[in-house]
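# Coordinate analysis (summary)
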Amino acid sequence: MAVTRRVSVEKNRLRFAAAHFATFFGECEPLHGHNYVISVELEGDLTEDSWVWDFGDLKQLTKNISDTLDHKFILQLESRILKINESTTSWEISYLDKQYIFPKSDVVALPIDNSTAERIAEWFAEQLADSLSSRKGKFTKLTVGIEEMPGQAGWYTLDMQPSPTT
Ligand SMILES: [Zn+2]
């Protein structure tokens, strides 16, 4: 009989404030920000002492990634719509007659094509899976939700290889 075991952590300190503008069918949103809220669900088999994984550790790993986005402009480095130029001190982003110049210290440049909640969730899940790969849990699936505002979230689920050492 197949069973699913899952732990989840969300909200409280698992949030970040960031600015962005997404593109949408070739149009570009105005610059704005969100108080993003993160949800994480981790599925797996139990360890010998009956954990899927420790909540505190999962929260800390999540917060470490969240902190890299907090109070930043999220730049979709692989945009097919925006024209992006990197200089030593700034990112210059243009779209038609609009041009933004951001100091690099205010920007987190992600290898995504658009700064949608869906893509941020995908990037976040990959980072978190990478952090979890050093842990000895028997993880099978990781889901990350990125809520832009209450009731409005993008989700991504990643299949994970169970750790061969356990
Ligand atoms: Zn937005």
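Here, every reference points to the structure presented above.
Residues numbered from 1 in each chain as written. Predicted model: local features only at pLDDT ≥ 70, side-chain atom pairs only at ≥ 80, totals over all residues.

## Things to note about the overall build of the protein
Secondary structure summary: the protein contains two helices and eleven strands in total. Reading the helices (α) and strands (β) of the protein from amino to carboxyl end gives β-β-β-β-α-β-β-β-β-β-α-β-β. Once the C-alpha set of the protein is aligned to its principal axes, its extents read approximately 60 × 35 × 25 Å. Here the protein, with 166 residues, has 27% of them falling under the buried criterion. Partitioning the contacts of the protein with sequence separation of at least 6, the portion at a separation of at least 24 is 65%. (Helix = DSSP H or I, 4+ residues; strand = E, 2+ residues; numbered from the N terminus. Buried ≥ 20, exposed ≤ 12 C-beta atoms within 10 Å, placed from the backbone. Contact = placed C-beta atoms within 7 Å.)

## Concerning the sheet that holds strand E11 (residues 152-159)
The strand order E9-E5-E1-E4-E10-E11 describes an open sheet built from six strands, whose pairing is mixed. Two strands close off the open sheet at either side, each with one partner strand: strand E9 (107-110) and E11. Averaged over all pairs of adjacent strands, the angle between their axes in this sheet comes to 35°, without regard to strand direction. Together, strand E1 (6-20), strand E4 (32-45), strand E5 (72-76) and E9 form the strand contacts of helix H1 (residues 55-69), whose direction differs from that of E1 by roughly 10°. Packed onto the sheet, helix H2 (residues 117-132) meets E4, E5, E9, strand E10 (138-149) and E11 and runs at close to 145° relative to E10. (Pairing = 2+ DSSP bridges. Axes fitted to C-alpha atoms, helices over the stretch in contact; angles between N-to-C directions.)

## Details of the sheet that holds strand E7 (residues 90-95)
An order of E6-E7-E8 is seen for the three strands of this open sheet, with the pairing classed as antiparallel. The outermost strands of the open sheet, each flanked by one partner alone, are strand E6 (83-86) and strand E8 (98-103). Direction aside, the axes of adjacent strands within the sheet are offset by 15° on average. As paired strands, E7 and E8 are joined by six bridges and run antiparallel to one another. Its bridge partner being in E8, tyrosine 95 is matched across the sheet by lysine 98.

## Points about the pairing of E4
In this structure, E1 lies alongside E4, joined through eleven bridges in antiparallel fashion. Residue pairing in the sheet places glutamate 10 in a bridge with serine 39 of E4. Two elements, E4 and E10, share nine bridges in a ladder whose sense is antiparallel. From the neighbouring strand, glycine 44 faces E10, where its bridge partner is phenylalanine 139.

## Description of the nonpolar core
The tendency in soluble globular proteins is for nonpolar side chains to be buried as a group. Counting 30 residues, the largest nonpolar core has Phe124, Leu128, Val144 and Ile146 as the members making the most contacts within it. Element by element, the count of residues in this core is highest for H2, at eight residues. (Core = buried A, V, L, I, M, F, W, Y, C linked by C-beta atoms within 7 Å.)

## Re the environment of phenylalanine 124
By the element assignment, phenylalanine 124 lies in helix H2. Not counting chain neighbours up to four residues away, the residues in contact with phenylalanine 124 comprise Ile65, Val144 and Ile146.

## A short note on the environment of arginine 6
Here arginine 6 is to be found in strand E1. According to the C-beta neighbour criterion, arginine 6 is exposed, with 12 such atoms within 10 Å. For arginine 6 and leucine 69, which are 63 residues apart along the polypeptide, the C-alpha to C-alpha distance reads 26 Å.

## A few points about the packing of H1 against H2
As a packed pair, H1 and H2 sit with axes 10 Å apart at the nearest point and diverge in direction by 135°. By the angle between their axes, H1 is oblique relative to H2. H1 and H2 meet at a crossing whose hand is right-handed. For the pair H1 and H2, contact is made by Leu61, Thr62 and Ile65 and by Phe124, Gln127, Leu128, Ser131 and Leu132, respectively. (Parallel < 35°, antiparallel > 145°, perpendicular 65-115°, else oblique. Left-handed = near helix turned anticlockwise from the far one by under 90°.)

## What to know about the pairing of E8
Looking along a regular strand, one sees side chains alternate from face to face of the sheet. Taken across its six residues, E8 has zero buried, putting it largely on the surface. Counted along the chain from E7 to the antiparallel partner E8, the turn is two residues long, and its residue leucine 96 has a positive phi close to 50°.

What is shown is where atoms sit, not what they do.
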